[in-house]
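In case you want the letters, here they are:
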4 protein chains.
Amino acid sequence: MQPEDTPELRALYKGFEEQHLLPLWTQLGDLMPIHPRPRAVPHVWKWADLLPLAERSGELVPVGRGGERRAIGLANPGLGGHAYVSPTLWAAIQYLGPRETAPEHRHAQNAFRFVVEGEGVWTVVNGDPVRMSRGDLLLTPGWHFHGHHNDTDKPMAWIDGLDIPFAQQNDVGFFEFGSGRVTDYATPRFSRGERLWCHPGLRPLSGLRDTVSSPIGAYRWEHTDRALTEQLLLEEEGQPATVEQGHAAIRYVNPTTGGDVMPTIRCEFHRLRAGTQTPTRREVGSSVFQVFEGGGAVAIDGVTHKLNIGDLFVIPSWVPWSLQAETQFDLFRFSDAPIMERLNFARTHIEGSD
Amino acid sequence: MQPEDTPELRALYKGFEEQHLLPLWTQLGDLMPIHPRPRAVPHVWKWADLLPLAERSGELVPVGRGGERRAIGLANPGLGGHAYVSPTLWAAIQYLGPRETAPEHRHAQNAFRFVVEGEGVWTVVNGDPVRMSRGDLLLTPGWHFHGHHNDTDKPMAWIDGLDIPFAQQNDVGFFEFGSGRVTDYATPRFSRGERLWCHPGLRPLSGLRDTVSSPIGAYRWEHTDRALTEQLLLEEEGQPATVEQGHAAIRYVNPTTGGDVMPTIRCEFHRLRAGTQTPTRREVGSSVFQVFEGGGAVAIDGVTHKLNIGDLFVIPSWVPWSLQAETQFDLFRFSDAPIMERLNFARTHIEGSD
Amino acid sequence: MQPEDTPELRALYKGFEEQHLLPLWTQLGDLMPIHPRPRAVPHVWKWADLLPLAERSGELVPVGRGGERRAIGLANPGLGGHAYVSPTLWAAIQYLGPRETAPEHRHAQNAFRFVVEGEGVWTVVNGDPVRMSRGDLLLTPGWHFHGHHNDTDKPMAWIDGLDIPFAQQNDVGFFEFGSGRVTDYATPRFSRGERLWCHPGLRPLSGLRDTVSSPIGAYRWEHTDRALTEQLLLEEEGQPATVEQGHAAIRYVNPTTGGDVMPTIRCEFHRLRAGTQTPTRREVGSSVFQVFEGGGAVAIDGVTHKLNIGDLFVIPSWVPWSLQAETQFDLFRFSDAPIMERLNFARTHIEGSD
Amino acid sequence: MQPEDTPELRALYKGFEEQHLLPLWTQLGDLMPIHPRPRAVPHVWKWADLLPLAERSGELVPVGRGGERRAIGLANPGLGGHAYVSPTLWAAIQYLGPRETAPEHRHAQNAFRFVVEGEGVWTVVNGDPVRMSRGDLLLTPGWHFHGHHNDTDKPMAWIDGLDIPFAQQNDVGFFEFGSGRVTDYATPRFSRGERLWCHPGLRPLSGLRDTVSSPIGAYRWEHTDRALTEQLLLEEEGQPATVEQGHAAIRYVNPTTGGDVMPTIRCEFHRLRAGTQTPTRREVGSSVFQVFEGGGAVAIDGVTHKLNIGDLFVIPSWVPWSLQAETQFDLFRFSDAPIMERLNFARTHIEGSD
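Residues numbered from 1 in each chain as written. Chains lettered and ligands numbered in written order. Predicted model: local features only at pLDDT ≥ 70, side-chain atom pairs only at ≥ 80, totals over all residues. Heavy atoms only, no water.

- Labelled according to an unreviewed UniProt entry, chain A appears under the name Cupin domain-containing protein, originating from Allomesorhizobium camelthorni.

Here's what the structure looks like:
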C-alpha cells in the first residue's frame, strides 16, 4: 500500500519532518483502527496484595501538605508506567492512619471514594463533614474543597476514583491548596447534603437550581443494599426489575437531573444471584470494578480471573467481558461512560444479540 | 376611546356579527388586562363542611361503572357553576365506603390523591396496588389505568387533584373504561414503583429511560416529614436549608428528571414554624392548599381566613397571599406551575423585594 | 347511572350547592369525554367578506391609544360570542390606513402577523423596524414592545395570530402601554434581527445565549418559497424531502434551539402539488390555516369547503381534516401544538395508518 | 516533601512496581498541576511551506484504498512525534490531483474540511455530493460514509480537521471501508442537505427529529461573509452585534439544536477590522486557526507571529493569545470546545476582566 521507497520520497519525508508534519498514509491503521485497540490491558489487582502495601506506606510515608494524600494508583501495565488504570480513569487505594488528617485542596478533576471495609474517617467536602463507612460511595465533584481525617485509633483504607488521566491528556486540570487541616472536625452521622437531599422523590425548595454534579455527598450502603434486594425480590415475583435474569443493578445519580453523579464518571453497583453468568458484553469506554461481597470470577477477553472481596479489575474499551457468580456476588463499578455518551461515542455489543 | 355611534358604525358591527367577527377595540381591556384579572375568586372550603357531605353521599350515592367515582368537586364561586377550583385545576373530596371498589378507567388528564386522614384504601395504578395512608401523595399520571378499593370495614375520604378544567378548556381529554373491578386486590405495604424507585439517589438500571411523569406511585408521609424536620434543624444550625426563615418546603419530583411529578401539576409540602408569617406573594397561575396539621391562617387579597386541619383554599392567579402559623403549621399544596413555566408565562412578585 | 331522585338526595345536592361543590357523577361525560368534543366548530371565513369589512373599519374607526389596533377577531361560532377562533388562539384581520400609526405596547401574549397581500407597513419590535411584505411571517413574542406604521399612501391589511384566549382562560396576561408613536420610523429593507440571524447554519458569537422565542423578527417569503420549491424538486429526484407524496412543508423555528418560534404558537407553511389530497388527520389541539396562493378545498369532519386566496379556516381539536389541491396550493398554518407537546397532550391519528 | 530514602522505602516502591502501582505523592505536581501545563506547544505552520510539500506528495504518493487519503498531518512539536496538532485535534492538508478519487470509508471520528483556496472537488457524504469551494466548511460527522473526487484538470488542496487524537487516546474509534470509488459522481452546485436545510429559520417537516450532528453538509462562504459584513455594519450603526469592538464572529451550528456542528468539534469564523487587537484570552481546550484573508499577527504566550493567507497555528490549553489585524483579517477557527463544555471543564480568562 505504501509508495515505493525512492530518494525523492525520502526527500519528501525529510521535508515533512522539518516542517513538523506526518503523513496519514503511513500510519492509518494505527490512527484509525477498525475497532478500538486499547493500549490499556485487562488486569486484576488483588486486595490481598494492595492492602499490605498500603499499610506499609502508612508506616513509611507521612501524609500532609505537598504529597497531600497517601494514595497508591493502579498503573495499567499497558500504559507505559503511568498511574493510569485506563486512558481516562485513575483508581487508587488510599490509606489514613489513626488520628491522621489529609489536608484540604481542590481540583478540576472529579473524584469519589468507595469503602470496601472499615470506618472512622470523615471526608470534609466544601465544609460538610461526610462519614465514610463500609459500602458507601462518597463524592468530591470537581472544584470542591476536600480533606479527610481519621477520628479513630485504627487506620482505614478505601479506593479513590478520579478522571486524572483524562484531565491530564486533555489539559483541563486546575489545582488549589486549601486549609492544612480540615475545616470542620465534627463527626455527624449524616452530612448536610444527605439531610437535605436523601429523601426519595423530594427536592428542597431551597435547591431548585440544577447542579452539574450531585449535591449528595454520601450514598449509603443501606440504601444500595435495599434497592438491590428489592430488585431481586421483584424478579422473583415475576416483575421486570433487573437488568437481566439474576442480575440486579443500580446507578448512582444526581437527583437534580436524574443523570450521572459527575460529568465524567459513572458509578454503579451490581449484584448477581449465585450461579448467574452475564452475557458477554463489549462497550466503548473503560470500567473498573471492585468486588464488595461474595465470590466469583470475571472472564475478560477469554481469560477467567477468580475474584475475592476487595479485588479490582479494569476492562479496557471494547474488550469482551462477562461476570460469573459463585455465591451472591456484589460489585461496585465506575466508568467513563458519561464521556462516551455526551460525546456520542457510546456503543455496546452484547454477544448473541445481533 | 370608542368611535362615535353612528348608523354606519352600527351597520359595520352588524356586518361583523353576520360574519362571526368581533372587533378588538371594543373589548381590549377585557381581553388583554394590565395584569391577570381572574374570574376565579379566593375561597376557603372547611373540612368540617366537606366531610359530612361526603359521608352522606356514601349513604345515598352508589359507586360504580358510569359515575365511576364518589368525588365531589370544589366549584370556585367565580367560575359560573363549573366544578372548577380554578381555570386549570380540579379539586375534590372522594369517599369510598367499607369494602367498596371504584372501577378502573384511564384518561389523558393527570391526577393525584392526597390523604389528610385515614387509611385502608389501595389505589391500583397500571396494575400496581398502592397503599393510601395519612400524609401520602399518590400519583395517577395521564393515561394510566386506575381503580380504588377499600380493604377495611371503615370508610375513607381523601382529596383528588386533576387538570380537568385545563383539559376541558383546551380539548385534550381522552377517556377509556377499564375493568369493572380492580385488577389486583393485593394489599402490599409498598407498591412496586416504590420498591424500584424510592432509594435516594439510586436509579434502577432497568429504568434508564426518562419518563414524562414520575414512576413513583406513592410519596410517603414518613419521608416528607423527615425532609421538613431536617430543613428546620439545619436552619437552627445556621445552614441555608429553608425557603425563608421558619419556612421549610419540599417539591415532589420525578426522579428520572428532577422535575415536576406530572406535566401539568406541581405538588409541594410546606411547614412553617409557629409564629412564622410568609412574605406576601403574587404568582401567575393558580394554587390549592390543604391544611394537614396545626393551625394558622391565610391572608388572601387582604382578607384573613382562619384555618383548621383539612381546610382547603384556592389562590387564583396574581392574587396576593401570605401564610401565618399559630402552631407548627403543615400544608400540602398543588398548582398549575408546570404549565406556566413550560409556556414561559411564570412570574412571581414578593412584596418588599422590588 | 344516577342515584334515585329522593328528598334525601335533593337535600344532599342542596348542601353541595351551599358549599360551592359539584359532584363528578352527574357530569362525568361532559367533564371527561371519551375523546375531545370541542365546543369550537370548524368554520371558514372568506377573504372576500373580511377585507371589505376591514376597509370599512378603516373609514369609520380611528386607530390609536386605547383601542390600540384596528383588528377584527374571528369569532368561532361555537364559542359563545367571544372573539376566539379556538379555545387557545386568536386570529384577526388588522387594517392600517395610509400614513397611520398603531401605537406601541407590549403584552405577555405571544403574537405574529402573516401577510397575504400588500406591503408598506413596518412593525417596530423592541425598537427594530421590520418591513411587512407579501408572504412574510413577522413575530412579536411575549413582552416585546411593538407598534406599526404605514409608510405609504395605500392601506394595508394582514392577519394577526395570538394566544389571547389561552392567556385569558388561564389568567396569565400582562399589558403595558408604550410610546404613542413608534420609536423608530426608519424603513430598512431588513431588520436588525434578520441581519444578525438570517444566515443559514450560522450563529453570531454575540448571541450565544438561547432565547425563549426566536430572535428572527421576519421570515421572508423568498426563503419560504425556495425551501418548498426545493422539497418538491428533491421529491421528483426520488429523495425523501416531503411530508408525504406531493406535500411539501416547513416549520418556522427559533434558530437558537431549532424549536418553535414562540412557546405557545407553531407556524408552518404547506405547499401541495396540483391534484394532491392529504390523508385525513386528527390532532389534539387547534389550527388555523390561511390560503396564500392557488385554489383547492378542505374537507373538515366530512364537509368540503372550496377555498380561495386569503380564506381562513379553523380545525378544532380532534376533528378530521384533509386538504385537496386543485392547482399548486399554498397555505400558511398556525396552531397551539407547542402547548400540546410541552404538556404531553399531543396525539395524532392518520386515517388508514392504524 | 518526599519521605526519606531508606532501604524500607525502596522495598516498598519495589513492591509497588511488582504490583503495577504508582504512588500519588511522588508525582502529584505532574498529575495535578495548578493550571493546565500542556505538552503541546504553540506553533505556526506556514502555508508557503505546506502547499509545496502537498504538491510534491501529489507527484510521489498515489491516493487509493489502503492509504485512503493524501493527507499530511500537522505534528505538534511538543507531542512526541505523533501527528497530533493538539491532544484532541488532528489538522492536515489534503491534496487531490486532477481527476483523482479518494475512496469511500467511514469512521467514528468526526471530520470537516475547510477550503482556503481552489475548487473543483466534490466530497460525497452518505451519497450526497457536496461541492467544495473557497471559504466553504464541509462536514463529515462520525460514521458517515465519505469519499472525494476531483472533477477538474487542476489539483486542489484543503485542510481537514478531525478528533483523531481524542479518539485514539480514549479508544473510541471504529473504521469501515466503503466503495473504492465514490458512489455518485454528479457535480451539483448544491448538495441535497443544503437544499433541505439552508433556508434561514425554516425546518423541513420531513426533518423534525434532532440529529447529533448538523444535517448541513456545506456552509458556504457567501453566507459566512455576509453574516460578518452585517455584524460590522451593525456595529457601525451603534448596535450590539460583534463579540467586542472591531471583532465580528460566527459559529457554525447544527440547525436542529442551535448547538455545535458535531459533538467534539466547534467551528467558527472570525473577522477583525484593520487595526483591531483582541484582548488576551486563555481558554481550557485547544484551538487551531487558519488565516483566510488579509494580514496580521497572533501573539501566543508573549511571542508574536506574523501571519499570511493559509497559515495555520495552534493554541494549546490555557496559553494566552491575542490577534492583531493589519488589514481586515479573516480567520477560520476550530477547537475542542464542545468536549470541554459537555464535560464541564470549560473556563475562560480574559486579561483585564478580573
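1. Brief notes about the relation of the copies chain A and chain D
Thought 1: Its rotation angle being 180°, the transformation that places chain A on chain D also includes 0.0 Å of axial translation and leaves an RMSD of 0.0 Å. Considering both components of the superposition, the chain copies are consistent with a two-fold axis. Using C-alpha coordinates, one finds that chain A approaches the rotation axis most closely at Arg342 of chain A, a distance of 3.2 Å.
Thought 2: Most of the interface of chain A is mirrored in chain D, where 100% of its interface residues again form contacts. (Least-squares fit on C-alpha atoms with pLDDT ≥ 70 in both. Contact = heavy atoms within 4.5 Å.)

2. Examining the relation of the copies chain C and chain B
Thought 1: It takes a turn of 180° to lay chain C on chain B, together with a shift of 0.0 Å along the axis; the resulting RMSD is 0.0 Å.
Thought 2: Taken together, the interface assignments show that 100% of the residues at the interface of chain C recur at the interface of chain B, consistent with an identical surface on both copies.

3. Here we look at the interface of chain C and chain B
Thought 1: Contact with chain C, which involves 87 residues of that partner, is made by 87 residues of chain B.
Thought 2: Taken together, both faces of the contact between chain C and chain B bury some 7,500 Å²; the carbon and sulfur share is 70%.
Thought 3: It is Asp171, Phe174 and Phe345 of chain C in chain C that bury the most area against chain B; as a group they hold 10% of the surface buried on that side.
Thought 4: Here chain C is connected to chain B by zero salt bridges.
Thought 5: Per element, the largest residue contribution to the side of chain C that touches chain B is six residues, and it comes from helix α3 (residues 47–60) of chain C. (Buried area = accessible area lost by both parts, 1.4 Å probe. Salt bridge = Lys/Arg side-chain N within 4 Å of Asp/Glu carboxyl O. Helix = DSSP H or I, 4+ residues; strand = E, 2+ residues; numbered from the N terminus.)

4. Focus on the packing of aromatic side chains
All names here are of chain B.
Thought 1: According to the stated counting rule, one finds 74 aromatic pairs over all chains in the structure shown.
Thought 2: With a centroid separation of 5.7 Å and an interplanar angle of 65°, the aromatic rings of Phe114 and Phe292 are classed as edge-to-face. With Phe114 in strand β6 (residues 111–114) and Phe292 in strand β18 (residues 287–293), the pair connects residues that are 178 residues apart, well separated along the chain.
Thought 3: Judged by relative accessible area, which is 1%, Phe292 ranks as buried. (Phe/Tyr/Trp six-rings, centres within 6.5 Å; stacked < 30°, edge-to-face > 60°. Buried < 20%, exposed > 50% of the residue type's maximum accessible area, 1.4 Å probe, protein only.)

5. Regarding the pairing of strand β6 (residues 111–114) of chain A
All names here are of chain A.
Thought 1: Here β6 shows a buried face lined by Ala111 and Arg113 and a second buried face lined by Phe112 and Phe114.
Thought 2: Bridge count for β6 against strand β9 (residues 137–140) is four bridges, and the pairing is antiparallel. Its bridge partner lying in β9, Arg113 is registered against Leu138.
Thought 3: Bridging between β6 and strand β11 (residues 156–162) involves four bridges; their strand directions are antiparallel. When the bridges of β11 are listed, Ala111 appears paired with Leu162. (Pairing = 2+ DSSP bridges.)

6. Points about the interface of chain A and chain D
Thought 1: Taken together, the contacts link 87 residues of chain A with 87 residues of chain D.
Thought 2: Of the roughly 7,500 Å² buried between chain A and chain D on both sides combined, carbon and sulfur atoms contribute 70%.
Thought 3: Along the contact surface separating chain A from chain D lie zero salt bridges.
Thought 4: Per-element tally for the side of chain A that touches chain D: the top contributor is helix α3 (residues 47–60) of chain A, with six residues.
Thought 5: Considering only residue class, the side of chain A that touches chain D consists of 50 nonpolar, 23 polar and 14 charged.
Thought 6: Pairing of strand β1 (residues 21–23) of chain A with strand β3 (residues 71–74) of chain D, which is carried by three bridges, proceeds in the antiparallel orientation. Its bridge partner lying in β3 of chain D, Leu21 of chain A is registered against Leu74 of chain D. (Nonpolar A, V, L, I, M, F, W, Y, C, P; charged D, E, K, R; others polar.)

7. A closer look at the environment of Trp158 of chain B
Residues and elements named next belong to chain B.
Thought 1: Along the polypeptide, Trp158 turns up in strand β11 (residues 156–162).
Thought 2: Accessibility expressed as a relative area gives 0% for Trp158, which makes it buried.
Thought 3: Separated by 143 residues in sequence, Trp158 and Gly15 have C-alpha atoms that sit 53 Å apart.
Thought 4: Excluding residues within four positions of it along the chain, Trp158 makes contact with Ala92, Ile93, Gln94, Leu96, Arg113, Phe114, Val115, Val121, Met132 and His148.
Thought 5: A distance of 2.8 Å separates the side chain of Trp158 from the side chain of Asp160, its partner in a polar contact. (Polar contact = N/O pair within 3.5 Å; in protein donor to acceptor, adjacent residues only side chain to side chain.)

8. Things to note about the UniProt feature "domain: Cupin type-2" (unreviewed entry) in chain A
Thought 1: Here the UniProt-annotated "domain: Cupin type-2" (unreviewed entry) positions come out as residues 94–160 of chain A.
Thought 2: Structurally, residues 94–160 of chain A is divided into 0% helix and 61% strand, and its ends, taken at the C-alpha atoms, are 7 Å apart. (UniProt positions renumbered as here; feature names shortened; annotations may be inferred.)

9. What to know about the pattern of salt bridges
Thought 1: Inspection of the entire model under this criterion finds 116 salt bridges over all chains.
Thought 2: As a salt-bridge pair, Glu18 of chain A and Lys14 of chain A come within 3.2 Å of each other at their nearest N and O atoms. One end of the pair, Glu18 of chain A, and the other, Lys14 of chain A, are both in helix α1 (residues 7–18), four residues apart, so they sit about a helical turn from each other.
Thought 3: As a salt-bridge pair, Arg266 of chain D and Glu341 of chain D come within 2.9 Å of each other at their nearest N and O atoms. Within this pair, whereas Arg266 of chain D is found in strand β16 (residues 266–272), its partner Glu341 of chain D is found in helix α7 (residues 337–342), the two being separated by 75 residues in sequence.
Thought 4: You can call Glu341 of chain D partly exposed: its relative accessible area is 44%.
Thought 5: Where salt bridges share partners, they join Arg251, Glu268, Glu283 and Arg333 of chain A into one cluster.

10. Overview of the pairing of strand β7 (residues 119–125) of chain C
Residue and element names in this part refer to chain C.
Thought 1: Burial within β7 is extensive, with six of its seven residues counted as buried.
Thought 2: Sheet analysis places β7 next to strand β8 (residues 128–133), joined by six bridges and oriented antiparallel. Each residue of the ladder has a partner; that of Trp122, found in β8, is Arg131.
Thought 3: Two successive antiparallel strands, β7 and β8, enclose a turn made up of two residues, where Asn126 displays a positive phi of approximately 45°.

11. Quick word on the environment of Pro33 of chain B
Thought 1: Turning to its location among the elements, Pro33 of chain B is positioned in the loop between α2 (28–31) and β2 (43–45).
Thought 2: Between the C-alpha atoms of Pro33 of chain B and Gly161 of chain B, which are 128 residues apart in sequence, the distance is 29 Å.
Thought 3: Apart from residues lying up to four places away in sequence, Pro33 of chain B is in contact with Leu28 of chain B together with Gln168, Gly173, Phe174 and Phe175 of chain C.

12. Topic: α3 of chain C
Residue and element names in this part refer to chain C.
Thought 1: For α3, with 14 residues, the first-to-last C-alpha span of 20 Å sits near the 20 Å given by 1.5 Å per residue.
Thought 2: Residues Trp47, Leu50, Leu51, Leu53, Ala54 and Ser57 constitute the buried set of α3. One side of α3 holds all its buried residues, which, seen down the axis, span an arc of 165°. Opposite the packed face of α3, turned more than 90 degrees from it, sit the exposed residues Ala48 and Glu59. (Expected span 1.5 Å × (residues − 1). Arc of directions from axis to C-beta.)

13. Topic: the side chain of Arg113 of chain B
Residues and elements named next belong to chain B.
Thought 1: Mapped onto the elements of the fold, Arg113 is located in strand β6.
Thought 2: Owing to a relative accessible area of 3%, Arg113 belongs among the buried residues under this scheme.
Thought 3: At 3.2 Å, the side chain of Arg113 and the side chain of Thr140 are in polar contact.
Thought 4: Those residues within four positions of Arg113 in sequence are excluded, and the remaining contacts are Gln94, Thr123, Met132, Asp136, Leu137, Leu138, Thr140, His146, His148, Trp158, Ile159 and Asp160.

14. Some details on the arrangement of the chains
Thought 1: Separated without contact, chain A and chain C have their nearest C-alpha atoms at a distance of 17 Å.
Thought 2: The smallest C-alpha distance separating chain B from chain D is 17 Å, and no contact links them.

15. As for the packing of helix α3 (residues 47–60) of chain B against helix α1 (residues 7–18) of chain C
Thought 1: For the pair α3 of chain B and α1 of chain C, interaxial distance at closest approach is 10 Å and the crossing angle is 155°. One element, α3 of chain B, and the other, α1 of chain C, form an angle in the roughly antiparallel class. The chirality of how α3 of chain B crosses α1 of chain C is left-handed. Across from Leu53, Arg56, Ser57 and Leu60 of chain B in α3 of chain B, the residues of α1 of chain C making contact are Glu8, Leu9, Leu12, Gly15 and Phe16 of chain C. (Axes fitted to C-alpha atoms, helices over the stretch in contact; angles between N-to-C directions. Parallel < 35°, antiparallel > 145°, perpendicular 65-115°, else oblique. Left-handed = near helix turned anticlockwise from the far one by under 90°.)

16. Remarks on the sheet that holds strand β15 (residues 247–252) of chain B
Thought 1: Pairing in this open sheet of seven strands is antiparallel, and the strands run β13(A)-β15(B)-β16(B)-β23(B)-β18(B)-β21(B)-β2(B) from one edge to the other. Both edges of this open sheet fall to β13 (202–204) of chain A together with β2 of chain B, since each of them pairs with a single strand only. Sheet twist, expressed as the average angle between the axes of neighbouring strands with direction ignored, equals 25°.
Thought 2: Relative to strand β23 (residues 329–335) of chain B, β18 of chain B runs antiparallel, the two being bridged by six bridges. When the bridges of β23 of chain B are listed, Val291 of chain B appears paired with Leu331 of chain B.
Thought 3: Seen against the sheet, helix α6 (residues 221–236) of chain B touches β13 of chain A together with β15, β16 (266–272), β18 and β23 of chain B and runs at an angle of roughly 140° to β15 of chain B.

17. Examining unusual backbone geometry
All names here are of chain B.
Thought 1: One non-glycine residue, Arg99, lies in the positive phi region at around 65°.
Thought 2: Its relative accessible area of 48% is what places Arg99 among the partly exposed residues.
Thought 3: In the Ramachandran plot, Asn344 falls in the positive-phi region, its phi being about 65° despite a non-glycine side chain.
Thought 4: You can see Asn344 is positioned in the loop between α7 (337–342) and β24 (348–350).
Thought 5: Of the residues examined, Asn344 reaches a relative accessible area of 44% and is grouped as partly exposed.

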